[in-house]
Amino acid sequence: MEKAIALDLYRVMRRIRDFEERSTVLFGEGKVWGTIHSYAGEEAIAAGVCAHLRDDDWITSTHRGHGHCIAKRADLGKMYAELLGRETGYCRGRGGSMHIADTSKGNLGANGIVGGGIPIATGAALTAKQLGTDQVAVSFFGDGAANQGGFHESANLAALWKLPVIYVCEVNQYAESLPVERGFPIKDISTRAAGYGMPGVRVNGLDVRAVYEAAGELVARARRGEGPSLLVAEAYRHEGHYYGDPRKYQTKDEIEGWKAKYDPLVEARTWMVSDELATEAELDAIDAEVAREAKRAVAFAEASPLATPITLPGDVYASY
Amino acid sequence: MQATETRAPAATREMFYNEALGDALRLEMERDARVIVMGEDIAEHGGAFQVTAGLLDAFGPTRVRQTPISELGIVGAAVGAALTGLRPVVELMYVDFAGLAMDQLVNQAAQNRFMFGGQARVPMVMRTQGGSGRGNAAQHSKSLEAWFAHVAGLKVVMPATPADAKGLLTAAIRDDDPVIFLEHKLLYRTKGEVPVGEHLVPLGKADVKKAGDALTIVTWSRHVLLALEAAKQLSADGIEAEIVDLRSLVPLDKDAVLSSVRKTHRVLVLHEAVRRAGYGAEIAAMIAEDAFDDLDAPPRRLAGLETPIPYAQHLEKTVVPQIEDIVKAAKELVA
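A few points on the structure. Just so it is clear, the structure is predicted and the values come from calculations on it, not from any experiment.

Let's talk about the overall build of chain A
- Helix and strand counts for chain A come out as eleven helices and seven strands.
- Relative to its length of 320 residues, chain A is compact, with a C-alpha radius of gyration of 19 Å against a globular reference of 20 Å.
- With the principal axes as the frame, chain A shows a C-alpha extent of 60 × 50 × 40 Å.
- Residue burial in chain A is summarised as follows: out of 320 residues, 54% are buried.
- At a minimum sequence separation of 6, the contacts of chain A that also span at least 24 residues come to 76%.

Observations regarding the packing of helix H3 (residues 71-83) of chain B against helix H4 (residues 98-109) of chain B
Residue and element names in this part refer to chain B.
- One way to put it is that H3 packs onto H4 with a least axis distance of 6 Å and a crossing angle of 25°. On the basis of their axis angle, the class for H3 and H4 is roughly parallel. You can see that H3 and H4 cross each other, and the crossing is right-handed. In this structure, H3 uses Glu71, Leu72, Val75, Gly76 and Val79 to contact H4, whose residues at the interface are Leu100, Ala101, Asp103, Gln104, Leu105, Gln108 and Ala109.
- A breakdown of the residues in the contact of H3 with H4 according to their chemical character gives seven nonpolar, three polar and two charged.

Description of the interface of chain A and chain B
- Contact with chain A, which involves 36 residues of that partner, is made by 37 residues of chain B.
- Within the residue set of the side of chain A that touches chain B, elements represented by two or more residues are helix H5 (117-131) and helix H6 (149-161) of chain A.
- Considering every element that reaches the side of chain A that touches chain B, the biggest residue donor is H5 of chain A, with ten residues.
- Taken together, the residues that form the side of chain A that touches chain B break down as 18 nonpolar, 14 polar and four charged.

Describing the sheet that holds strand S12 (residues 248-250) of chain B
Residues and elements named next belong to chain B.
- With mixed pairing, the seven strands of this open sheet are ordered in space as S3-S2-S4-S5-S7-S6-S12. The open sheet has two edge strands, strand S3 (64-66) and S12, and neither has a second partner. Here the average twist between neighbouring strands, direction ignored, is 20°.
- Both strand S6 (residues 155-157) and strand S7 (residues 179-184) contribute to a ladder of three bridges, which runs parallel. Note on S7: the bridge partner recorded for Val156 is Ile180.

Considering unusual backbone geometry
- Each neighbour pair has its own omega, and for Leu312 of chain A with Pro313 of chain A the value is 0°, a cis peptide bond.
- With respect to the element layout, Pro313 of chain A can be found in the segment after helix H11 (280-303).
- Pro251 of chain B follows Val250 of chain B through a cis peptide bond whose omega is -5°.
- Tracing the backbone shows Pro251 of chain B in the loop between S12 and helix H9 (254-264).

Looking at the pairing of strand S4 (residues 87-92) of chain B
Residue and element names in this part refer to chain B.
- Across the six residues that make up S4, a large majority, six, are buried.
- Of the two faces of S4, the one lined by Arg87, Val89 and Glu91 and the one lined by Pro88, Val90 and Leu92 are each fully buried.
- As defined by bridge partners, strand S2 (residues 35-39) adjoins S4 across five bridges and the pair is classed as parallel. Its bridge partner lying in S4, Gly39 is registered against Glu91.

Thoughts on the pairing of strand S6 (residues 200-204) of chain A
- In this structure, S6 of chain A lies alongside strand S7 (residues 229-234) of chain A, joined through five bridges in parallel fashion. Counted as the bridge partner of Val203 of chain A is Ala233 of chain A from S7 of chain A.

Thresholds applied
Residues numbered from 1 in each chain as written. Chains lettered and ligands numbered in written order. Predicted model: local features only at pLDDT ≥ 70, side-chain atom pairs only at ≥ 80, totals over all residues. Helix = DSSP H or I, 4+ residues; strand = E, 2+ residues; numbered from the N terminus. Rg over C-alpha atoms; globule rule 2.2 N^0.38 Å. Buried ≥ 20, exposed ≤ 12 C-beta atoms within 10 Å, placed from the backbone. Contact = placed C-beta atoms within 7 Å. Axes fitted to C-alpha atoms, helices over the stretch in contact; angles between N-to-C directions. Parallel < 35°, antiparallel > 145°, perpendicular 65-115°, else oblique. Left-handed = near helix turned anticlockwise from the far one by under 90°. Nonpolar A, V, L, I, M, F, W, Y, C, P; charged D, E, K, R; others polar. Pairing = 2+ DSSP bridges.

Structural data, given as structure tokens:
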């Protein structure tokens, strides 16, 4: 891997981790309303996949969507502003964490409905096919969503029509509180791809190299018009399902032990240094830069005006 | 060529309701390459009610996309396609199947613009049909417009005549919001004069299908035709009913309803859908709020019974208002 790519992957992952830590603090301070779902532990998946995407490629994301949004090169200030209910937020305070979208970068939105984005990404891929472009669509979703009917219907449709869509199933070990082994009668979710006649690839979602490599092939394949695929990336969700989740379905030993053992940022630092792609000092410098950038973004959000009142029918309808 | 044909072309042509819809689809597909149609049985078969007949030959399988039986997948794909630049028209064979696709309509299409702070628009149409009268029983006969009308972000259109069907579908396809376009299965083989070529009926504009001064009947879809039949019988008894065809439920043409009520002072709200929490309740409440002082009698609703649609022919017609029920209700209202 080229050094510039490796450093960029690391920077994106750090940005995501930093955002999750910082937004948790803001939540604890009562500045963020509603609920937030941390992507910490899964950074390598969004970073490794989105590194292959252009601004005009599309993604659909999930309720745990901050990471995908950041990896798709969102503006952090607008993200924080959205969490804080500001007019400068991506959704002008109408959407919040679970609905952040950035259509200028092809992000068709986080989604509060588990599996809700899968049919939408499939439709975006239909647009590319219909207009004859080489754009691709990526749908990120969790293991829980792989048991929703929309996944089945969409995968079947995409394979029938050879649509340029990559289904990225992020196995973070829990569908809300349900352990993955209690939600699936199979060990390897990627085997489901065979049922749709598309390639299914299983990767270590903690290793950004593995994700980057696998996603590169699948994205290139989709751009060449060879159709959809399923990428199953396995990782571990460091935090609860949502901020404040009492996590009664997990033991303390598991949480602390796995968090230490399965950390994609630690993993990335280790191989980047041992492969001499980066020094510890360079990586520390990236961490510091990311923190400075995040502080500026939070300051921007905090200085922004509150979201303006709802305007009807214009906020809801394009014309009425 | 005969002399008669060299004159100015006729402005209208007699068409069946389903042909008029097909005409709108064909013209919009010719006009705009972003318009595609998707659905079950819509290609060689021409659609369960022959609305898309001929489109496959005219536009080919990439723009006339016959799908597997996957309502959620199809509607969701339309949402995604609409978000990214196409103008898809989905055909859902029966409105009763909407439950399978409801998440994509209610949580996604309807709300994307709002949730994303105005960044998105979802210019899609979901065409489907409902209503009883063909012995299709409970899972293929419902009238579910109230479900959709309740959801902020959707538009709801229900044409009664072939001309309105063509004009409203054209407007729906060109509209930048998601439109639920509800046809009635007994209307497909009704005939009427339809403007030839481009024909637009704006969404949100009601139409007075018959003028009158004794009472207003506010209705939509197939019950416009039943109300017109009832009005003939009422005329024979010297009662002139004014028939207001809403055509669009959302947006609602409040002015048309209120100005008619202010003229007649009595109103019957009529629909096939179940009365409880039906759209008629919204109309009656709106009239009570905005035109109470103009009323000589309380607004009255005549609508479907609170039951699933039964199968047997003699039972089916007992649960939705018939012409004689309308006549009776109108006479009671003006008595």
